[in-house]
Amino acid sequence: HQFNFMHHQSMEVETHTRLQLISTEQKFYLMPIGSQSDEVLEIDKLNCELLLTGKSSIVSQLVGDKRNICVLLGIIRLLAGPYLVVGTNHREVGSIDGHRVFEMTGY
């Protein structure tokens, strides 16, 4: 289970196994670690809208809670607001039809 960022010009998929999660008052941000990609996934905390943007240099300077993760499993809405369900560690356990398969080892 990996997070894929789509490159709109060529529609190529770049897979990232390490992401930085930044939580600010209004949004969550997910950006790849150690990648040439400038794309950032923004998740609005009010309406849970997802937006893929290209401003990782701005987002990396944001003030908020930061942590490294490897996968976004989902979003659940609770009375206090949305919560992200994430995996923090994984290991490769095999492949299916040429695609790598991972087991989550930390949440």
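So, here's what we can say about the structure. Just so it is clear, the structure is predicted and the values come from calculations on it, not from any experiment.

Calculation criteria
- Residues numbered from 1 in each chain as written.
- Predicted model: local features only at pLDDT ≥ 70, side-chain atom pairs only at ≥ 80, totals over all residues.
- Heavy atoms only, no water.
- Patch = residues over 30% accessible without salt bridge, like charges linked within 9 Å, V, L, I, M, F, W, Y side chains within 5 Å.
- Areas by Shrake-Rupley, 256 points an atom, 1.4 Å probe, with all protein chains shown as cover.
- Salt bridge = Lys/Arg side-chain N within 4 Å of Asp/Glu carboxyl O.
- Helix = DSSP H or I, 4+ residues; strand = E, 2+ residues; numbered from the N terminus.
- Buried < 20%, exposed > 50% of the residue type's maximum accessible area, 1.4 Å probe, protein only.
- Pairing = 2+ DSSP bridges.
- Axes fitted to C-alpha atoms, helices over the stretch in contact; angles between N-to-C directions.
- Contact = heavy atoms within 4.5 Å.

### Quick notes on a nonpolar patch on the surface
1) Next: Together, Leu-73, Ile-76, Leu-78, Tyr-83, Val-85 and Tyr-107 make up an exposed nonpolar region whose accessible area comes to about 600 Å².
2) Next: When contributions to the nonpolar patch are tallied by element, the ones reaching two or more residues are β8 (71-78) and β9 (81-87).
3) Next: In terms of residue count, the dominant contributor to the nonpolar patch is β8 (3 residues).
4) Next: Given a relative accessible area of 34%, Val-85 falls into the partly exposed group.

### Quick word on the pattern of salt bridges
It is possible for side chains bearing opposite charge to pair when their charged atoms get close.
1) Next: Tallied over the entire structure, the rule returns 3 salt bridges.
2) Next: We note a salt bridge from Arg-91 to Glu-103, for which the minimum N-O separation is 2.7 Å. Taken together, the residues Arg-91 in strand β10 (residues 89-96) and Glu-103 in strand β11 (residues 99-106) connect sequence positions 12 residues apart.
3) Next: We classify Arg-91 as partly exposed; its relative accessible area is 47%.
4) Next: Between Arg-100 and Glu-92 there is a salt bridge; the shortest N-O distance is 3.6 Å.

### A word on the sheet that holds strand β7 (residues 65-69)
One key point about sheets: their strands pair by backbone hydrogen bonds, in either a parallel or an antiparallel sense.
1) Next: The strand order β6-β5-β4-β3-β7 describes an open sheet built from 5 strands, whose pairing is antiparallel. Only two strands of the sheet have a single partner each, and these edge strands are β6 (50-53) and β7. Put simply, the sheet's adjacent strands are angled 20° from each other on average, direction ignored.
2) Next: Of the pairings in the sheet, the one linking strand β3 (residues 19-23) to β7 comprises 5 bridges and is antiparallel in character. Each residue of the ladder has a partner; that of Leu-19, found in β7, is Ile-69.

### Some remarks on the environment of Thr-24
1) Next: Tracing the backbone through its elements, the reader meets Thr-24 in the loop between β3 and β4 (27-32).
2) Next: In this structure, the C-alpha to C-alpha distance between Thr-24 and Lys-45, residues 21 residues apart in sequence, is 9.1 Å.
3) Next: In contact with Thr-24, other than residues within four places in its own chain, are Tyr-29, Lys-45, Leu-62 and Val-63.

### Remarks on the pairing of β6
1) Next: Across 4 bridges, the pairing between strand β5 (residues 40-44) and β6 is antiparallel. From the neighbouring strand, Ile-43 faces β6, where its bridge partner is Leu-50.
2) Next: Counting the residues in the hairpin turn of β5 and β6 gives 5 residues, including Cys-48, whose phi is positive at 60°.

Note that all results are geometric; they support no functional claim without further evidence.
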